[in-house]
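In case you want the letters, here they are:
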Number of protein chains: 2
Amino acid sequence: MRRDLAPCCQEQQIHPEALEKVRALLPPDERLYDLAELFKIFGDSTRLKILYALLEGELCVCDLAGLMAVSQSAVSHQLRVLKNSKLVKFRREGKTIYYSLADSHVESILSQGMEHIEE
Amino acid sequence: MRRDLAPCCQEQQIHPEALEKVRALLPPDERLYDLAELFKIFGDSTRLKILYALLEGELCVCDLAGLMAVSQSAVSHQLRVLKNSKLVKFRREGKTIYYSLADSHVESILSQGMEHIEE
DNA sequence: TCTATATATGAGCATTTATTCATATGTTTA
DNA sequence: TAAACATATGAATAAATGCTCATATATAGA
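What comes next concerns the included structure. (Residues numbered from 1 in each chain as written. Chains lettered and ligands numbered in written order. Predicted model: local features only at pLDDT ≥ 70, side-chain atom pairs only at ≥ 80, totals over all residues. Heavy atoms only, no water.)

Tallying secondary structure elements over chain A gives six helices and three strands in all. Buried positions account for 45% of the 119 residues belonging to chain A. Taking the contacts inside chain A whose residues are at least 6 apart along the sequence as the reference set, 49% of them involve residues at least 24 apart. (Helix = DSSP H or I, 4+ residues; strand = E, 2+ residues; numbered from the N terminus. Buried < 20%, exposed > 50% of the residue type's maximum accessible area, 1.4 Å probe, protein only. Contact = heavy atoms within 4.5 Å.)

Written out as structure tokens, the structure reads:
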């Protein structure tokens, strides 16, 4: 009943020609890595909620914290992440800091994802 | 030099009217959660590479493992994730299983993200 | 300059996650 | 039915991540 442990896919690639074609068309690894970093940002419901809220216009940190059931600190940490990815920008007005969307792609990325969900 | 620890944003919401407007337009929490789950899938470079490779047509697991610098097991695990999210589908042909994209949104989500990267 | 308020940030902790290793399952062929 | 091969999967582990708590920083006003 013992089965051999043959290392898979070593003796012959199944479709070397398809592989070569695909390999030539793939984005470079570094770019794939950057893209994954971007989508990681969208992969958290707190950050998504912030982005959706900012679709309607700028809001300050307090507003955002009040909107969600999380602490001011948590919002601030997430805003930093969004800021580092150039998805939001901010302006200061006295003690208050207003955040807004920095990129028009945000809305289209969100809506493409939503379409898939609603399938 | 001691500063008070006033809990932030408790005594008065800064913009209650903006908050109410935004709150009414936000997607429900459950939907935001599902959307975050979807973007989480795109937030890994191994899975992104698989998706990009499948843009060109169907490939078997061995092909995909050969394309990337990861084990067959890792690819298989990730394909399961993609399958569970209905992003890929598969067909069996003898011992070989061919995977392909299941959803036309995949391409548009990828390209919207790429546009942001390339800014 | 002292106090109050809005925001930012570092450390610590708990949870999630991607990989590897070992092995199981399913299919074909001898 | 036994061996070979393609794929799947469970357990273990290491790394990443999101939150909270405490505190720092920045600005406004008395």
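The discussion continues.
Mapping chain B onto chain A calls for a screw motion: a turn of 180 degrees about the axis and a shift of 0.0 Å along it, with 0.1 Å RMSD after fitting. As the rotation angle and translation indicate, the two copies are arranged about a two-fold axis. Of the interface residues in chain B, 100% have counterparts in chain A that sit at the interface too, so the contact is made through matching surfaces. (Least-squares fit on C-alpha atoms with pLDDT ≥ 70 in both.)

Let's shift gears to the sheet that holds strand E3 (residues 96–101) of chain B. Residues and elements named next belong to chain B. If you walk across this open sheet you meet the three strands as E1-E3-E2, and the pairing is antiparallel. The two strands at the open ends of the sheet, each matched to only one other strand, are strand E1 (59–60) and strand E2 (88–93). Together, E2 and E3 form the strand contacts of helix H5 (residues 72–84), whose direction differs from that of E2 by roughly 120 degrees. (Pairing = 2+ DSSP bridges. Axes fitted to C-alpha atoms, helices over the stretch in contact; angles between N-to-C directions.)

With that out of the way, let us pick up the sheet that holds strand E2 (residues 88–93) of chain A. Backbone hydrogen bonds hold the strands of a sheet together, and the pairing may be parallel or antiparallel. Residues and elements named next belong to chain A. Taken together, the three strands give an open sheet; going across it, the order is E1-E3-E2, and neighbouring strands pair in antiparallel fashion. The open sheet has two edge strands with one neighbour each: strand E1 (59–60) and E2. Bridge count between E1 and strand E3 (residues 96–101): two bridges; the pairing is antiparallel. Pairing of Cys60 across the sheet is with Tyr98, part of E3. Along the sheet face, helix H3 (residues 45–55) touches E1, E2 and E3 and points at about 90 degrees away from the line of E3.

What follows deals with the interface of chain B and chain A. Where interface size is given, it is often the accessible area lost as the parts come together that is meant. Residue-level contacts link 57 residues of chain B with 57 residues of chain A. Between chain B and chain A, the buried area comes to about 5,300 Å², and carbon and sulfur atoms account for 71% of it. For chain B, the biggest contributors to the area lost against chain A are B:Phe39, B:Glu56 and B:His116; these three give 12% of the whole. At the boundary of chain B with chain A, the tally comes to four salt bridges. For A:Asp29, the salt bridge goes to B:Lys49, with nearest N and O atoms at 2.8 Å. For the side of chain B that touches chain A, the secondary structure elements donating two or more residues are helix H1 (16–25), helix H2 (29–42), helix H3 (45–55), E1, helix H4 (61–67), E3 and helix H6 (105–118) of chain B. Tallied by class, the residues present in the side of chain B that touches chain A amount to 29 nonpolar, 13 polar and 15 charged. (Buried area = accessible area lost by both parts, 1.4 Å probe. Salt bridge = Lys/Arg side-chain N within 4 Å of Asp/Glu carboxyl O. Nonpolar A, V, L, I, M, F, W, Y, C, P; charged D, E, K, R; others polar.)

With that out of the way, let us pick up helix H5 (residues 72–84) of chain A. Residue and element names in this part refer to chain A. With 13 residues, H5 should reach 18 Å at 1.5 Å per residue; the first-to-last C-alpha distance of 18 Å fits that figure. The complete set of buried residues in H5 reads Val75, Gln78, Leu79 and Leu82. The buried side chains of H5 occupy one side of the element, clustering within an arc of 110 degrees when seen end-on. At the C-terminal side of H5, Lys86 shows a positive phi close to 60 degrees. (Expected span 1.5 Å × (residues − 1). Arc of directions from axis to C-beta.)

Between side chains of opposite charge, a pair can form when the charged atoms approach closely. Going through the model one piece at a time under the given rule, you end up with 12 salt bridges over all chains. For B:Glu118, the salt bridge identified is with A:Arg31, shortest N-O distance 3.0 Å. Separated into two different chains, B:Glu118 in helix H6 and A:Arg31 in helix H2 (residues 29–42) make up a pair that spans both. Look at A:Arg31 and you get partly exposed, because its relative accessible area is 32%. Across the pair B:Glu20 and B:Arg23 runs a salt bridge whose closest N-O atoms are separated by 3.4 Å. With a gap of three residues between them, B:Glu20 and B:Arg23 both fall in helix H1, about one helical turn apart.

Looking now at the pairing of E3(A). Side-chain positions along a regular strand alternate between the two faces of the sheet. Residue and element names in this part refer to chain A. With six of six residues buried, E3 lies mostly within the body of the structure. As paired strands, E2 and E3 are joined by six bridges and run antiparallel to one another. Bridged to Glu93 within E3 is Thr96. Connecting E2 to the antiparallel partner E3 that follows it, the hairpin turn spans two residues, and Gly94 within it adopts a positive phi of roughly 70 degrees.

Bear in mind that shape data such as this cannot, by itself, settle questions of function.
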